[in-house]
There are 2 protein chains.
Amino acid sequence: MAQTPRVQLLLTGDELMSGDTVDSNSALIARELSGLGLTPCRRVTLGDDRDALAREMAALADDADVLIVNGGLGPTIDDLTAAVLGEVAGHGLEEHPDALDHLEIWCKKRNLLLNDANRKQAMLPAGCTIIPNPVGSAVGFSLVVNNCLIMCTPGVPGELRAMLPVMVQRLREEFGITLQKDVLRLQTFGLGESTAQQLLVDNHPDWPPEVVLSFRAGAPQLEIKLSITRAEDRPRRDQCYEWLKALFGDHIIGEGDTRIAEAVIDQARDAGLTITCAESCTGGMIASMLTQIAGASDVFPGGFVTYSNALKESILGVPAETLKSEGAVSEATVKAMVRGALDASGADLAVAVSGIAGPGGGSNDKPVGTVWLAWGDRDAVETVCLCWPVERVLFQTMVAAAGLDVLRRKLAGIQNQSRYFDQRRLR
Amino acid sequence: MAQTPRVQLLLTGDELMSGDTVDSNSALIARELSGLGLTPCRRVTLGDDRDALAREMAALADDADVLIVNGGLGPTIDDLTAAVLGEVAGHGLEEHPDALDHLEIWCKKRNLLLNDANRKQAMLPAGCTIIPNPVGSAVGFSLVVNNCLIMCTPGVPGELRAMLPVMVQRLREEFGITLQKDVLRLQTFGLGESTAQQLLVDNHPDWPPEVVLSFRAGAPQLEIKLSITRAEDRPRRDQCYEWLKALFGDHIIGEGDTRIAEAVIDQARDAGLTITCAESCTGGMIASMLTQIAGASDVFPGGFVTYSNALKESILGVPAETLKSEGAVSEATVKAMVRGALDASGADLAVAVSGIAGPGGGSNDKPVGTVWLAWGDRDAVETVCLCWPVERVLFQTMVAAAGLDVLRRKLAGIQNQSRYFDQRRLR
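Here is what the cut-offs are and how they apply
Residues numbered from 1 in each chain as written. Chains lettered and ligands numbered in written order. Predicted model: local features only at pLDDT ≥ 70, side-chain atom pairs only at ≥ 80, totals over all residues. Heavy atoms only, no water. Helix = DSSP H or I, 4+ residues; strand = E, 2+ residues; numbered from the N terminus. Rg over C-alpha atoms; globule rule 2.2 N^0.38 Å. Buried < 20%, exposed > 50% of the residue type's maximum accessible area, 1.4 Å probe, protein only. Lys, Arg positive; Asp, Glu negative; His and termini not counted. Charge placed at Lys NZ, Arg CZ, Asp CG, Glu CD. Pairing = 2+ DSSP bridges. Axes fitted to C-alpha atoms, helices over the stretch in contact; angles between N-to-C directions. Contact = heavy atoms within 4.5 Å. Salt bridge = Lys/Arg side-chain N within 4 Å of Asp/Glu carboxyl O. Right-handed = clockwise from strand over helix to strand, strands pointing away. Domains from an automatic or database assignment. Buried area = accessible area lost by both parts, 1.4 Å probe. Polar contact = N/O pair within 3.5 Å; in protein donor to acceptor, adjacent residues only side chain to side chain. Nonpolar A, V, L, I, M, F, W, Y, C, P; charged D, E, K, R; others polar. Parallel < 35°, antiparallel > 145°, perpendicular 65-115°, else oblique. Left-handed = near helix turned anticlockwise from the far one by under 90°. Phe/Tyr/Trp six-rings, centres within 6.5 Å; stacked < 30°, edge-to-face > 60°. Lys NZ or Arg CZ within 6 Å of the ring centre and 35° of its normal. Expected span 1.5 Å × (residues − 1). Arc of directions from axis to C-beta.

**What about the overall build of chain A?**
Part 1 of the argument: Counting its secondary structure elements, chain A contains 16 helices and 17 strands.
Part 2 of the argument: The C-alpha atoms of chain A give a radius of gyration of 28 Å, which is well past the 22 Å a tight globule of 427 residues would have.
Part 3 of the argument: Taken over the C-alpha atoms alone, chain A extends approximately 85 × 55 × 40 Å along its principal axes.
Part 4 of the argument: Of all 427 residues assigned to chain A, the portion counted as buried reaches 57%.
Part 5 of the argument: Averaging the locations of the 39 positively and 55 negatively charged side chains of chain A gives two centres separated by 4 Å.

Below you can see the structure in the form of structure tokens.
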């Protein structure tokens, strides 16, 4: 068969239904399949219920070309996958010599006795093919049922991960897959999903359907994805990319998984400049975002979390009069914080933030969500006052990202600020 | 109906199928339902495919008493839930006045124009009931189709979380559920899941089966959960709680969702003490964990992110000779950082960390994952050297939590350190 197979997933385990475990295996499998241009079209998740599993497996084998089953291969009685599949295939179970060999070697290496519970893991559907497990006791196996290639894998993420390359190779061969899905992912900051969508619809009603556009809103970034599945659509995709750049150019942080902090660090490194931060309401999050990036030390000597007025004075030299007359959340204070951070760190560029993260501390004049930002170098400092009235940690996350974004824009020589600023500007 | 309803979930979103997003919403919903003694028996996940969604919704409505749909309520064209459900219900869509009111207020508060993309979120299946969304633009809604109560919720986790209490109440009323599952959740730090499990099995082979024990490993905390479903089992549950305290007492941070930073802040406030931190490898994460807690300013004047040796010297007064002879990752350096942070902040207690977060920077003597911690007051400073060779951000997270945990233990007068320290101690 040389056409795109219809892939479905079946996940099993009571812990997936109770909410005790978050299923990250599906994403792992899907990301691996995307290299083949395959996306699972449907996935079903069930508890350890024999009848429900048998019903579902039969229905899925009927409906799919490929069924990947994950979970239920362990040694305990609630591990039902092999037994149920043996039943569905109509051949029952038999002790598989390769699986038994694997178990014997695995136990011997660990000085364990091969007990009955472990030995159960060699009882597999008759006629199946082993998928080797280099890191665990339970092998995987595959079997064709009703023209559907069923591949069964263990639920332990590390074991699944170790087995995926063999599975991918098997799929390539079985379905003659040469295609490579081509996905361009762009990271943006400062755009809302609905704004981005509306602008694209308004400006490009002729968007080509073969360039699939999708969004993923994370805090603080919005990901825009352009996917094509045929190499001949690349020029069209590139055209769409140009449209995106024309519309949102200065909001684009980078391709792939680029985070704002990463972009800032790269740009500062390229410019031979160092950066610092003086944080009140973000309380260390700007520094933490920067230092989560490997190599931050190239451009970031450190930062200052001056939460109290006393530290704003003693560490950053914010004048006591300013704090008294203007308050900690004021333009004069954040400007002084920038100057103080530059002096105290010796860095070339600084950003400072002071605001009211809430839930307490707001007033009529300065409601919860109010924040002053200042950024600049020894020659010039710019400021803005925004209002971002959201939950405390989200506020800190968005403000920290905005603080990095103003540095990114300054380093890139971008004059204007993000759309978020227009929408949220207080003063 | 006063019998246990059969609950199924339908998750939608291309990002869930492509592997770009790990689905944590299902677990969130399941944990909330467990309070009603309900566990979803099946869940189906689909991409943004109109026909597949329509087929699945109809089949699920046929098979379940309750169907919770998550995702697809946003403003963009790939948000299909309302349109498909309108079709399945046979009534089509209409502009819902309450939803429109909500959108208008939501936009006004944020100084946004109500554009067409946003306005789409008020087009809901005719006859549905609104589920209010206190934190986002898209309301949820419920509708009975084919005797199945269908509840549609947005995919943004914070919005879903905010809407769940109303949904739970609705289910209680609809199905006459009086059962109160009584769940005691304990937050711990410094224990691995398998260690905790093994210690309980070894020490309490007579653990009563009616007190259901479960674990949820998060980074940095491990949650231990004791669940009962009958009020008469409470004394037995309390007995189990006592066993837990005897085994892991000093690892228990608190009940419910208590985070280590919260415990530290509460204890410092009670003791009338202030705290500070001097961070190298955690790069601001300790400060950020503290300031994510509302009220942190009561006890935390601020902290120091001294990433470079120059700032360790100039801000914290770490002697240049120490940095030269012992290195930045050394006992002498972190001790000097504690003293410097106490001096510079005027706080009563400080913690300092310096380590190698990787992936670069390791050596034979100090491999990646090595970290020195020091903590104390003006009278006494303690230190430990650990090795936590994990991925960079996980390393920072665990070390930041360990830094807070040593403060927590000191404030609580606990003499010994967590089990993690025994397992990871280098020097």
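**Observations regarding the sheet that holds strand β11 (residues 222-228) of chain B**
Residues and elements named next belong to chain B.
Part 1 of the argument: Taken together, the 4 strands give an open sheet; going across it, the order is β10-β11-β9-β12, and neighbouring strands pair in antiparallel fashion. In this open sheet, the two strands that pair with only one neighbour each are β10 (212-217) and β12 (252-255). Averaged over all pairs of adjacent strands, the angle between strand axes in this sheet comes to 25°, irrespective of strand direction.
Part 2 of the argument: Note: strand β9 (residues 182-188) against β11, 7 bridges, orientation antiparallel. Residue pairing across strands places Leu-186 opposite Ile-224, the latter belonging to β11.
Part 3 of the argument: Its contacts with the sheet place helix α8 (residues 193-203) against β10 and β11, and it is angled at close to 160° to β10.
Part 4 of the argument: Relative to the sheet, helix α9 (residues 234-248) contacts β9, β11 and β12, its axis offset from that of β11 by approximately 160°.

**Notes on the pattern of salt bridges**
Part 1 of the argument: Inspection of the entire model under this criterion finds 45 salt bridges over all chains.
Part 2 of the argument: One continuous salt-bridge network, built from bridges that share partners, spans Asp-182, Arg-234, Arg-237 and Asp-238 of chain A.

**Observations regarding the side chain of Thr-306 of chain B**
Part 1 of the argument: With respect to the helices and strands, the residue Thr-306 of chain B is situated in strand β14 (residues 302-306).
Part 2 of the argument: Residue Thr-306 of chain B is classed as buried on the basis of its relative accessible area, which comes to 1%.
Part 3 of the argument: Residues in contact with Thr-306 of chain B, not counting those within four places in the same chain, are Pro-301 of chain A together with Glu-279, Ser-280, Leu-311, Lys-312, Ile-315, Leu-316 and Met-337 of chain B.

**Some words on the pairing of strand β14 (residues 302-306) of chain A**
All names here are of chain A.
Part 1 of the argument: Summarising burial for β14: 5 of the 5 residues are buried, a large majority.
Part 2 of the argument: Burial along β14 is two-sided: Gly-302, Phe-304 and Thr-306 facing one way and Gly-303 and Val-305 facing the other are all buried.
Part 3 of the argument: Bridge count for strand β13 (residues 275-279) against β14 is 2 bridges, and the pairing is parallel. Counted as the bridge partner of Glu-279 is Val-305 from β14.
Part 4 of the argument: Once you follow β13 into helix α11 (residues 285-291) and on to β14, the crossover reads as right-handed.

**Overview of the domain arrangement of chain A**
Part 1 of the argument: Segmentation of chain A into domains returns domain 1 (7-175), domain 2 (182-255) and domain 3 (260-424).
Part 2 of the argument: A C-alpha centroid distance of 50 Å is found between domain 1 of chain A and domain 3 of chain A.

**Here's the deal with the interface of chain B and chain A**
Part 1 of the argument: The interface of chain B with chain A comprises 70 residues on the first partner and 64 residues on the second.
Part 2 of the argument: Interface area for chain B against chain A, summed over the two sides, is near 5,200 Å², with a carbon-plus-sulfur share of 54%.
Part 3 of the argument: Run the count over chain B and chain A and you get 4 salt bridges.
Part 4 of the argument: The salt bridge partner of Asp-20 of chain A is Lys-225 of chain B, with a shortest N-O separation of 3.3 Å.
Part 5 of the argument: The interface formed by chain B and chain A holds 30 residue pairs in polar contact (both at pLDDT 80 or more) in total.
Part 6 of the argument: In terms of residue class, the side of chain B that touches chain A is built from 29 nonpolar, 27 polar and 14 charged.
Part 7 of the argument: Here strand β2 (residues 42-46) of chain A pairs with strand β2 (residues 42-46) of chain B via 5 bridges, running antiparallel. The residue bridging Thr-45 of chain A from the neighbouring strand is Arg-43 of chain B, located in β2 of chain B.

**Regarding the sheet that holds strand β12 (residues 252-255) of chain A**
Residue and element names in this part refer to chain A.
Part 1 of the argument: Strand order in the open sheet formed by 4 strands is β10-β11-β9-β12, and the pairing between neighbours is antiparallel. Unpaired on one side and paired on the other, β10 (212-217) and β12 mark the two borders of the sheet. Here the average twist between neighbouring strands, direction ignored, is 25°.
Part 2 of the argument: In the packing of helix α8 (residues 193-203) onto the sheet, contacts are made with β10 and β11 (222-228), and the angle to β10 comes to roughly 160°.

**A word on the packing of helix α10 (residues 260-271) of chain A against helix α15 (residues 392-412) of chain A**
Residues and elements named next belong to chain A.
Part 1 of the argument: In contact at an axis separation of 9 Å, α10 and α15 are set at 30° when each is read in the N-to-C sense. Here α10 is positioned roughly parallel relative to α15, judged by the angle of their axes. Of the two elements, α10 crosses α15, and the hand of that crossing is left-handed. Packed against α10, whose contacting residues are Ile-260, Ala-261, Ala-263, Val-264, Gln-267, Ala-268 and Ala-271, the element α15 presents Ala-401, Leu-404, Asp-405, Leu-407, Arg-408, Leu-411 and Ala-412 at the interface.
Part 2 of the argument: Within the contact of α10 with α15, the residues separate by chemical class into 11 nonpolar, 1 polar and 2 charged.

**A look at the packing of aromatic side chains**
Part 1 of the argument: What the rule picks out here adds up to 8 aromatic pairs over all chains.
Part 2 of the argument: Judged by centre distance (5.8 Å) and plane angle (55°), the rings of Trp-207 of chain A and Trp-243 of chain A are tilted. One end of the pair, Trp-207 of chain A, is in the loop between α8 and β10; the other, Trp-243 of chain A, is in helix α9 (residues 234-248), with 36 residues separating them in the sequence. The two residues Trp-207 of chain A and Trp-243 of chain A agree in class, both being buried.
Part 3 of the argument: Look at Phe-189 of chain B and Tyr-420 of chain B: their rings are 5.5 Å apart centre to centre, the planes differ by 90°, and that puts the pair in the edge-to-face class. Highlighted residues: Phe-189 of chain B in the loop between β9 and α8 and Tyr-420 of chain B in helix α16 (residues 419-424), separated in sequence by 231 residues.
Part 4 of the argument: Each residue in the set Phe-189, Trp-388 and Tyr-420 of chain A is aromatic and connected to the rest through ring pairs, giving one cluster.
Part 5 of the argument: Lying over the aromatic face of Tyr-420 of chain A, Arg-424 of chain A brings its terminal NZ or CZ to 5.2 Å of the ring centre.
Part 6 of the argument: Here the basic side chain of Lys-245 of chain B rests over the ring of Tyr-241 of chain B, its NZ or CZ set 4.5 Å away from the ring centre.

**Structural notes on the pairing of β10 of chain B**
Part 1 of the argument: In the sheet, β10 of chain B pairs with β11 of chain B via 6 bridges, with the strands oriented antiparallel. Across the sheet, residue Arg-216 of chain B finds its bridge partner in β11 of chain B, namely Glu-223 of chain B.

**Describing helix α5 (residues 97-109) of chain B**
All names here are of chain B.
Part 1 of the argument: Helix length check: α5 (13 residues) gives 18 Å between terminal C-alpha atoms against 18 Å at 1.5 Å per residue, within 8%.
Part 2 of the argument: Among all positions of α5, only Ala-99, Leu-100, His-102, Leu-103, Trp-106 and Cys-107 are buried. For α5, the angular spread of the buried residues around the axis is 160°, confining them to a single face. Relative to its buried face, α5 has exposed residues pointing more than 90 degrees away, namely Pro-97, Ile-105, Lys-108 and Lys-109.
Part 3 of the argument: Elements in contact with the buried residues of α5: β4 (93-95), α6 (116-119), β5 (123-125) and β6 (129-131).
Part 4 of the argument: Of the residues flanking the end of α5, it is Asn-111, one or two places downstream, whose phi is positive at about 55°.

**A word on the environment of Val-381 of chain A**
Part 1 of the argument: By secondary structure assignment, the location of Val-381 of chain A is in strand β17 (residues 381-387).
Part 2 of the argument: For Val-381 of chain A, the residues in contact, after removing those within four places along its chain, are Lys-335, Val-338, Ala-374, Trp-375 and Gly-376 of chain A.

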